[in-house]
Amino acid sequence: MTDGAGRSRRRPRAHDVPHERRILLLTLAAGGAGVVVSIAMLWTGDYSAKVQWTLAALILGVWMGFAFAVRERVVRPLQIVSNLLAALHEGDFSIRARGAHHEDALGEVMLEVNELAETLRKQRLGALEATALLRKVMEEIDVAVFALDGDDRLRLANRAGERLLGRPIERLLGADAAELGLRACLVEEAAPILDLTFPGRTGRFEVRRGTFRQGGLAHRLIVLSDVSRALREEERQAWQRLIRVMGHELNNSLAPIKSLAHSLEQLIARDPKPPDWEDDMRRGLGVIGARSESLSRFMEGYARLARLPPPRFQNVEVGALVRRVCGLETRLSVAVVPGPETTMRADADQLEQLLINLVRNGVDAALETGGGVRVGWQRVNGSPAALELFVEDDGPGVPNTSNLFVPFFTTKQAGSGIGLVLSRQIAEAHGGTLTLRNREPESGCRARLHLPIRGPAGNHSPAGRVG
């Protein structure tokens, strides 16, 4: 059985006696024997009837008065404590018990109740201030926040969410997610960035999902950030960098080709022709062919970056892969620093190409100084478990590490500038990272490849191709 506040309440039984009545009865019983003896002695003694009745009434009056006084002294403080606790239950933390002190047990109880009221008052004030701050932040941020219940009906939306949906909160509460255009945001397997259309705005949104419980029921939280402008700016800068690099490479090839073609045209038009005109023609055509081949390699490298296929995950023996890659290098003996034998989920072909690029770069650098190259791996504890492969060389180091992953940037005489960019794309497709840092205080460079052993999140397919 529960009361109006939802608290359990035991049904009273017929033989239950209220606490205050028990106190009164116990007090009467404590003095009852003395009263009976006194009255008996009074009535059996040699006293007049007037004295007997007067003293008997006095004894009974004093006895009853003290009994009710004791009852009041016991019950009254309990009623005060009950009123204080009821006020706390109702949320009124301003009431305090007077006369509370440390000299007796009852005073200690009153002091503890007062301390409890003060603690609850401070906690409630802090909660109200935190709630007000959260509400203010929710109203002011330019990120749409929606909370939906287990039936996918809207229960909360901030001001940005109202603007996005084009309706006030009063008309949004209780609406279904599909009606509001939020159904695609609830799909856990959906991409983190979606193209969405709402009454208040259309664009590309970053979607973040979460869950929380309120009143014991599960709710879902959706946070939408409009990234259209940022993505457009990034896209514009990427195009600018690409056009700048491609324009530079095309000019480097087309300018000499145009100049040589014009010179050869004038050479053919001369009459009489010089004795060595055929040699000049061959040299000029050779330069044109070489520049055309260079331009073809450049475009082929760009095409490789653009059509990198998704990885096909399977079980890969890390040790065997590292030893095989190191054995492919014939210019220099690459040392293998063995680590724990580990099997990981990866695309063996792409991972091998990545390591080949790193080892080749290390060997190119080591040959300049006569140093060596070392390749190794180690497990990294954490959640999820990860593997770290490293390739370090004793070369001169990299003068500018900030441009290493810029497409077509290279410090080599005959480099294409796509090896490291392609390697980083492979690493990120596997859910990992690739970084290059100069070794200090030693000379040389260290490439660090960090990969999750079980593959990127969401890849739980068995060995073989992951569709």
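Preceding this paragraph is the structure being described.
These numbers come from a predicted model, not from an experiment.

Colleague: How would you summarise the pairing of strand 5 (residues 217-226) if you had to cite specific residues and measurements?
Modeller: Here strand 1 (residues 144-148) runs beside strand 5; their pairing, made up of five bridges, is antiparallel. Looking at the pairing, Phe146 lines up with Ile222 of strand 5. Sheet analysis places strand 4 (residues 202-214) next to strand 5, joined by 10 bridges and oriented antiparallel. Bridging from a neighbouring strand, Arg209 pairs with Ile222 of strand 5. The antiparallel hairpin formed by strand 4 and strand 5 contains two residues in its connecting segment, where Gly215 sits at a positive phi of about 65°.

Colleague: Please give an account of helix 1 (residues 19-44) that cites residues and values.
Modeller: End to end, helix 1 covers 37 Å across 26 residues, agreeing with the expected 38 Å (1.5 Å per residue, within 8%). Within helix 1, the full set of buried residues consists of Ile23, Leu24, Thr27, Leu28, Gly32, Val35 and Leu42. Of the surrounding elements, those touching the buried residues of helix 1 are helix 2 (49-89).

Colleague: Which residues make up helix 3 (residues 105-140), and what values go with them?
Modeller: The first and last C-alpha atoms of helix 3 sit 52 Å apart over 36 residues, in line with the 52 Å expected at 1.5 Å per residue. Buried residues of helix 3: Gly107, Met110, Leu111, Val113, Asn114, Ala117 and Met138, and no others. Where helix 3 is buried, its residues contact helix 2, strand 1, strand 2 (154-157) and helix 4 (159-165).

Colleague: Which residues make up the side chain of Asn158, and what values go with them?
Modeller: Summarising the element assignment, Asn158 is placed in the loop between strand 2 and helix 4. In this structure, Asn158 is in contact with Met138, Ile141, Val143, Ala144 and Val145, ignoring residues within four places of it in sequence.

Colleague: Report on a negative patch on the surface, specifying residues and quantitative values.
Modeller: Taken together, the side chains of Glu103, Asp104, Glu108, Glu112 and Glu115 present a region of like negative charge at the surface. Along the chain, Glu103 turns up in the loop between helix 2 and helix 3.

Colleague: Just give me the short version of the sheet that holds strand 12 (residues 445-452), but keep the residues and values in it.
Modeller: The five strands are arranged 7-9-10-12-11 in an open sheet whose pairing can be described as mixed. Every interior strand has two partners, whereas the edge strands, strand 7 (335-337) and strand 11 (433-438), have only one. Direction aside, the axes of adjacent strands within the sheet are offset by 15° on average. By the bridge criterion, six bridges tie strand 11 to strand 12 in an arrangement that is antiparallel. The partner of Leu436 across the bridge, within strand 12, is Ala447. The sheet contacts of helix 9 (residues 318-328) involve strand 7, strand 9 (373-380) and strand 10 (386-393), and relative to strand 9 the element is tilted by about 170°. Those strands touched by helix 10 (residues 348-369) are strand 9, strand 10, strand 11 and strand 12, and its axis lies near 25° from that of strand 10.

Colleague: Kindly report on the packing of aromatic side chains, identifying the contributing residues and their values.
Modeller: The tally for this structure, following the rule as stated, stands at two aromatic pairs. Taken together, a centroid distance of 5.1 Å and an interplanar angle of 85° make the contact between Trp43 and Trp53 edge-to-face. Placement of the pair is Trp43 in helix 1 and Trp53 in helix 2, with a sequence separation of 10 residues. On the accessibility criterion, Trp53 (58% relative accessible area) is exposed. Judged by centre distance (5.7 Å) and plane angle (85°), the ring pair of Phe198 and Phe205 falls under edge-to-face. With respect to class, Phe198 is no different from Phe205; both count as buried. The lysine or arginine in question, Arg446, covers the ring of Phe390, its NZ or CZ lying 4.3 Å from the ring centre.

Colleague: Account for the nonpolar core, naming residues and giving values.
Modeller: Grouped together as the largest cluster of nonpolar side chains are 36 residues, with contacts concentrated most on Val322, Met344, Leu389 and Leu449. Ranked by residue count, the leading element in this core is helix 10, at nine residues. Setting aside residues up to four positions removed in sequence, Leu449 forms contacts with Leu351, Leu354, Leu387, Glu388, Leu389, Ala427, Thr433 and Leu434. Counting 22 residues, the second-largest nonpolar core is a separate cluster that includes Leu154, Leu165, Ile169 and Cys185.

Colleague: Pulling in residues and values, what's your account of the sheet that holds strand 1?
Modeller: Read across the sheet, five strands follow the order 2-1-5-4-3 without closing on themselves; strand pairing throughout is antiparallel. Each edge of the open sheet carries a strand with a single partner, namely strand 2 and strand 3 (193-197). Neighbour-to-neighbour, the strand axes of the sheet open up by a mean angle of 35°, direction not taken into account.

Colleague: An account of the pattern of salt bridges is requested, with residue identities and associated values reported.
Modeller: Taken as a whole and assessed by the stated rule, the structure comprises 21 salt bridges. In this structure, Arg331 engages Asp364 in a salt bridge whose closest nitrogen and oxygen atoms are separated by 2.6 Å. Here the residue Arg331 occupies a position in the loop between helix 9 and strand 7, and Asp364 occupies one in helix 10, the gap between them amounting to 33 residues. Residue classification places Asp364 among the partly exposed positions, given a relative accessible area of 21%. In this structure, Arg446 and Glu392 form a salt bridge, with 2.9 Å as the shortest nitrogen-oxygen distance. Pair noted here: Arg446 is in strand 12 and Glu392 is in strand 10, with a separation of 54 residues, a long-range link. Given the relative accessible area of 29%, Arg446 is considered partly exposed. A network of salt bridges, in which partner residues are shared, links Arg374, Glu388, Glu392, Asp394, Arg439, Arg446 and Arg448.

Colleague: So what's going on with empty space enclosed by the protein? Which residues, and what values?
Modeller: Tallying each qualifying case throughout the model produces two cavities of 30 Å³ or more. Approximately 70 Å³ is the volume attributed to the largest cavity. Lining the largest cavity we find Asp142, Val143, Ala144, Ala160, Leu164, Arg201, Phe205, Leu224 and Asp226. When its residues are assigned to classes, the lining of the largest cavity shows six nonpolar, no polar and three charged. Taken together, Cys185, Leu186, Glu188, Arg209, Gly210, Arg220, Leu221 and Ile222 form the lining of the second largest cavity. Going through the elements one at a time, strand 4 and strand 5 are the ones with two or more residues in the lining of the second largest cavity. It is strand 5 that provides the largest number of residues to the lining of the second largest cavity, a total of three residues. Among the residues forming the lining of the second largest cavity, the class breakdown is four nonpolar, one polar and three charged.

Conventions we followed
- Residues numbered from 1 in each chain as written.
- Predicted model: local features only at pLDDT ≥ 70, side-chain atom pairs only at ≥ 80, totals over all residues.
- Heavy atoms only, no water.
- Pairing = 2+ DSSP bridges.
- Helix = DSSP H or I, 4+ residues; strand = E, 2+ residues; numbered from the N terminus.
- Expected span 1.5 Å × (residues − 1).
- Buried < 20%, exposed > 50% of the residue type's maximum accessible area, 1.4 Å probe, protein only.
- Contact = heavy atoms within 4.5 Å.
- Patch = residues over 30% accessible without salt bridge, like charges linked within 9 Å, V, L, I, M, F, W, Y side chains within 5 Å.
- Areas by Shrake-Rupley, 256 points an atom, 1.4 Å probe, with all protein chains shown as cover.
- Salt bridge = Lys/Arg side-chain N within 4 Å of Asp/Glu carboxyl O.
- Lys, Arg positive; Asp, Glu negative; His and termini not counted.
- Charge placed at Lys NZ, Arg CZ, Asp CG, Glu CD.
- Axes fitted to C-alpha atoms, helices over the stretch in contact; angles between N-to-C directions.
- Phe/Tyr/Trp six-rings, centres within 6.5 Å; stacked < 30°, edge-to-face > 60°.
- Lys NZ or Arg CZ within 6 Å of the ring centre and 35° of its normal.
- Core = buried A, V, L, I, M, F, W, Y, C linked by side-chain atoms within 4.5 Å.
- 1 Å grid on protein atoms, 1.4 Å probe; cavity = no way out; pocket = protein on both sides within 12 Å on 5 of 7 lines; lining within 4 Å.
- Points joined across faces, edges and corners; volume = space filled by probe spheres on them.
- Nonpolar A, V, L, I, M, F, W, Y, C, P; charged D, E, K, R; others polar.

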